[in-house]
Amino acid sequence: MTGSFLKRNPSVPVVLGLLLLGTLAVAAMAASGGLSTSFVKTLGMTLCLALAALAMDLVWGYAGILSLGNIAFFALGGYMIGMWLMTARTEIIVAESLAGQAIPATPQEIRDAVGGQIFGVVGSADFPAIWAFSGSLPAQLALVVLVPSLLALVFGWLAFRSRVTGVYLSILTQAMTLALALYLFQNDAGLRGNNGLSGLQNLPGLSAVPQATVSLWFLWGSALALGLGYLLCAWVVSGKFGAILRGIRDNEARVRFLGYPVEGFKLAVFTLSAAITGIAGALYYPQAGIVNPAEMMPIASIYLAVWVAIGGRGRLYGAVIGAIAVSLISSFFTSGKLPDLDLGPVRLVWVDWWLVMLGFSFVLVTLLAPKGLGGLVDLWTQRRRPERHGADLGPDTGAFREKEAEA
Amino acid sequence: MNTLLEVSGVSVSFDGFRAINNLSFHMGAAELRAVIGPNGAGKTTFMDIVTGKTRPDKGTIRWGEKGISLLGLSEARIAREGVGRKFQKPTVFEDQTVRANLLVALRNRRGPFAALWWKPKPAELERVDALAETIGLAAHLDRKSGELSHGQKQWLEIGMLLAQEPKLLLVDEPAAGMTVAEREKTTAILVEAAKTRAVVVVEHDMEFVRRLNCRVTVLHEGSVLAEGSLDHVTSNKDVIDVYLGR
Ligand SMILES: Nc1ncnc2c1ncn2[C@@H]1O[C@H](COP(=O)(O)OP(=O)(O)O)[C@@H](O)[C@H]1O
Ligand SMILES: [Mg+2]
């Protein structure tokens, strides 16, 4: 809590420097034709996932709340930007096709035609009420932050106020996510049901710009967002606010009896995490091209937690390392480029077996190396772990375990 | 003497078991009080009730000059009113340094946004140094508190309470698990603290209570059995029967 920002956060210059160098290197290689556009997109998306993992670390690693709802905020961010992308691009296409008519189309006719185009797949032609602002980029950008934050605020207020903690809170957040996914699967929800929003990689008015260029824009955008997100999170966790969050994680009662409104702190960090995750989603889905409710299924929530766990929770760079490492390895195994292994009775299909391997490594990391990949940094900075004879650092369920901590 | 805390007719039951039974208790503004009683007498539960952790079934708790009711206030709100509490087991933030523990405890605005923008002022850092001196941890300010010995953690928790600047300090078995030398130091800290505020100490150890040299309340089965000087209560027949004679 004392000392300069850099002294409190020695990882900041390292992470930002590596991020800049990495992005520059990728951009240079892509410009010289050494990298495919789809790979550049994969990298850009990976940076967005790292940002989401960072926000997950904020709630789980620092405040001890294992939120399985963050993936909902991620998808909602994607939906909010997707609504504008689809509307604006369809508007341009419709305007072009109607331009040849003798009598110019009225704005209402254009709006109806756009609605027919977008909602035809779900047997409707009208814009649902929630698309009211879809024609305005600033409005939808604001909603990228506001919708996830508001959901987090309302849900968090209800959950924290009744003092639900630990596993029950995790289950509750998972239930929220599942309920939202199931709701969005319905066509009546107004977000095109299981079709989701698609064609998001095509930026309105920029159809002349090749995807190779767009992918680089998004790579830089994602890197910038991750860098700023890292700075913000580092600032939040290294001050008194962060000290109180860690206090809540390890020993909530002590914080309460010091006079701090624990619920207020949880609500603040949960909402902040939702806002950051929403932004990450809004940058991710235009690169992915499509967002649909399947993105919010329980497996996705687990993924987020696994990245943070494998990276090492409670250290911001751990979340970044975990997300980048796991999702890159994951896309390597699931790319289909790896030849299947014929082992006689079983045939090792990597696309299928990768998840098994991931689950297995998750178990191994949790049991054997709770500090995760981030713990490798400790070898270099020579950080020691405390000798506590197996005792956790607090009575609460989210408390740091002996092996996660630093002496 | 003006009243700081007035507990009257408080009862609480857990699943039909009366842990506190029509308890009345009174504290002045700068008073040191020892509360003794056998295991299960309801000493910790009494603290739970005053600090808002447990809601009593009946009775009233009046606080301060205005006599506001503490019933129905949240734990955090009661703490902000000026009630500090030390738990039976030492509870400090083990993953954080001694300095951070004390800084977090320092009295100031408690909201999340105030915490976000908070920066230690030179006066606050000095105050932390002074507190560390008081509790004998000046040499350990930059160590993680999880590394401290059991006794040092108890002192740190007392230091955190002092940093909070409460009007009333509730201290639950501070000397448990301490060496003789540590106990003496703990006594000194508590006696010093009680010069400017009210302090209630729950303790088992008679020698410790004797050194506190203060008024003693004996709890038994959830109500007050006797009250007065240590010599007075230890010569009380009921007290000898239920507590000392065992
Ligand atoms: N939350 C609770 N639920 C059920 N019984 C409790 C609870 N808290 C305390 N008790 C019971 O109340 C009695 C008083 O406990 P306590 O106040 O801890 O005693 P002391 O601190 O004097 O040793 C004990 O019999 C204990 O079992
Ligand atoms: Mg007790």
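Residues numbered from 1 in each chain as written. Chains lettered and ligands numbered in written order. Predicted model: local features only at pLDDT ≥ 70, side-chain atom pairs only at ≥ 80, totals over all residues. Heavy atoms only, no water.

Participant: I would appreciate a short explanation of the overall build of chain B in the present structure.
Facilitator: Counting its regular elements, chain B contains 10 helices and 10 strands. Computed over the C-alpha atoms, the radius of gyration of chain B is 18 Å, within 12% of the 18 Å expected from 2.2 N^0.38 for a compact globule of 246 residues. If one aligns the C-alpha atoms of chain B with their principal axes, the spans along those axes are about 55 × 40 × 35 Å. Per-residue burial over chain B gives 57% buried out of 246 residues. As displayed, chain B has an accessible area near 10,400 Å², and 51% of this comes from carbon and sulfur atoms. (Helix = DSSP H or I, 4+ residues; strand = E, 2+ residues; numbered from the N terminus. Rg over C-alpha atoms; globule rule 2.2 N^0.38 Å. Buried < 20%, exposed > 50% of the residue type's maximum accessible area, 1.4 Å probe, protein only. Areas by Shrake-Rupley, 256 points an atom, 1.4 Å probe, with all protein chains shown as cover.)

Participant: Where do I start with the overall build of chain A in this structure?
Facilitator: Looking only at helices and strands, chain A has 14 helices and four strands in total. For 407 residues, the compact-globule estimate of 2.2 N^0.38 gives 22 Å, and chain A sits close to it at 23 Å. Looking at chain A as a whole, 51% of its 407 residues qualify as buried. Taking all contacts inside chain A whose residues are at least 6 apart in sequence as the whole, residues at least 24 apart take part in 74%. As displayed, chain A offers around 17,500 Å² of accessible surface, 69% of which is attributable to carbon and sulfur atoms. Computing the positive centroid from 25 side-chain charges and the negative centroid from 21, chain A places the two 11 Å apart. (Contact = heavy atoms within 4.5 Å. Lys, Arg positive; Asp, Glu negative; His and termini not counted. Charge placed at Lys NZ, Arg CZ, Asp CG, Glu CD.)

Participant: Explain empty space enclosed by the protein here, please?
Facilitator: Gaps left between atoms show up when a probe the size of a water molecule is rolled over them. As enumerated under the stated definition, the model contains one cavity of 30 Å³ or more in all. Of the voids in this model, the largest cavity is the one considered here, and its volume is about 30 Å³. Along the walls of the largest cavity sit A:Pro386, A:Arg388, A:Leu393, A:Glu406, B:Glu94, B:Asp95, B:Lys144, B:Gly146 and B:Glu147, which together make up its complete lining. (1 Å grid on protein atoms, 1.4 Å probe; cavity = no way out; pocket = protein on both sides within 12 Å on 5 of 7 lines; lining within 4 Å. Points joined across faces, edges and corners; volume = space filled by probe spheres on them.)

Participant: Any chance you could explain the interface of chain B and chain A here in plain terms?
Facilitator: Many analyses report the size of an interface as the accessible area lost when the parts associate. In this complex, chain B contributes 38 residues to the contact, which on the side of chain A involves 33 residues. Around 3,000 Å² of area is buried between chain B and chain A when both sides are counted, 64% of it from carbon and sulfur atoms. On the surface where chain B and chain A come into contact, there are four salt bridges. Residues A:Arg388 and B:Glu94 are paired through a salt bridge, measuring 2.3 Å at the closest nitrogen-oxygen approach. Looking at the side of chain B that touches chain A, the elements with two or more residues in it are helix H2 (75-81), strand E6 (83-86), helix H3 (98-105), helix H4 (112-117) and helix H6 (150-163) of chain B. When residues in the side of chain B that touches chain A are grouped by element, the largest group, five residues, is from H3(B). Tallied by class, residues from the side of chain B that touches chain A come to 18 nonpolar, seven polar and 13 charged. (Buried area = accessible area lost by both parts, 1.4 Å probe. Salt bridge = Lys/Arg side-chain N within 4 Å of Asp/Glu carboxyl O. Nonpolar A, V, L, I, M, F, W, Y, C, P; charged D, E, K, R; others polar.)

Participant: What should I look at first to understand the pairing of strand E4 (residues 58-63) of chain B in this one?
Facilitator: Looking along a regular strand, one sees side chains alternate from face to face of the sheet. All names here are of chain B. Here strand E1 (residues 3-14) pairs with E4 via five bridges, running antiparallel. Following the sheet pairing, Leu-5 is matched in E4 by Trp-63. Pairing between E4 and strand E5 (residues 68-69): two bridges, direction antiparallel. The partner of Arg-62 across the bridge, within E5, is Ser-69. (Pairing = 2+ DSSP bridges.)

Participant: So what exactly am I meant to see when it comes to the packing of aromatic side chains here?
Facilitator: Two aromatic rings are characterised by how far apart their centres lie and by the angle between their planes. Scanning the model with the defined rule gives 18 aromatic pairs over all chains in all. Their ring planes at 85° and their centres at 5.0 Å tell us that A:Phe119 and A:Trp131 sit as a pair that is edge-to-face. On the criterion of sequence distance, the pair formed by A:Phe119 in helix H5 (residues 107-119) and A:Trp131 in the loop between H5 and helix H6 (137-161) is long-range, its members being 12 residues apart. Relative to B:Trp117, the ring of A:Trp235 lies with its centre 4.9 Å away and its plane at 55°, an arrangement referred to as tilted. Taken as a pair, A:Trp235 in helix H8 (residues 211-238) and B:Trp117 in helix H4 lie in two separate chains rather than in one. Taken together, A:Phe73, A:Phe155, A:Phe160 and A:Phe270 form an aromatic cluster joined through their ring pairs. The positively charged end of A:Arg249 is found above the aromatic ring belonging to A:Phe400, 3.6 Å away from the centroid. Note that B:Arg33 overlies the ring of B:Phe25, its terminal NZ or CZ placed 5.0 Å from the centroid. (Phe/Tyr/Trp six-rings, centres within 6.5 Å; stacked < 30°, edge-to-face > 60°. Lys NZ or Arg CZ within 6 Å of the ring centre and 35° of its normal.)

Participant: Even after reading the chapter, I still don't get the site of ligand 1, so can you show me in this structure?
Facilitator: Residues and elements named next belong to chain B. Ligand 1 sits among Phe-14, Phe-17, Ala-19, Pro-38, Asn-39, Gly-40, Ala-41, Gly-42, Lys-43, Thr-44 and Thr-45. Between an oxygen atom of ligand 1 and a side-chain N or O atom of Asn-39, the distance comes to 3.5 Å. In the model, an oxygen atom of ligand 1 is placed 3.2 Å from a nitrogen or oxygen of the Ala-41 main chain. About the coverage of ligand 1: the protein hides 61% of its 560 Å² of free accessible area. (Near = heavy atom within 4 Å. Polar contact = N/O pair within 3.5 Å; in protein donor to acceptor, adjacent residues only side chain to side chain.)

Participant: Explanation requested: the coordination of the magnesium ion (ligand 2) in the structure shown.
Facilitator: Residues and elements named next belong to chain B. The protein atoms that coordinate the magnesium ion (ligand 2) are Thr-44 (OG1) and Gln-88 (OE1), at distances spanning 2.0 to 2.5 Å. Here Thr-44 is found in helix H1 (residues 43-50), whereas its partner Gln-88 is found in the loop between E6 and H3, with 44 residues between them in sequence. The class for Gln-88 is partly exposed, based on a relative accessible area of 36%. (Donors = N, O, S within 2.8 Å, 3.2 Å for Na, K, Ca; no water.)

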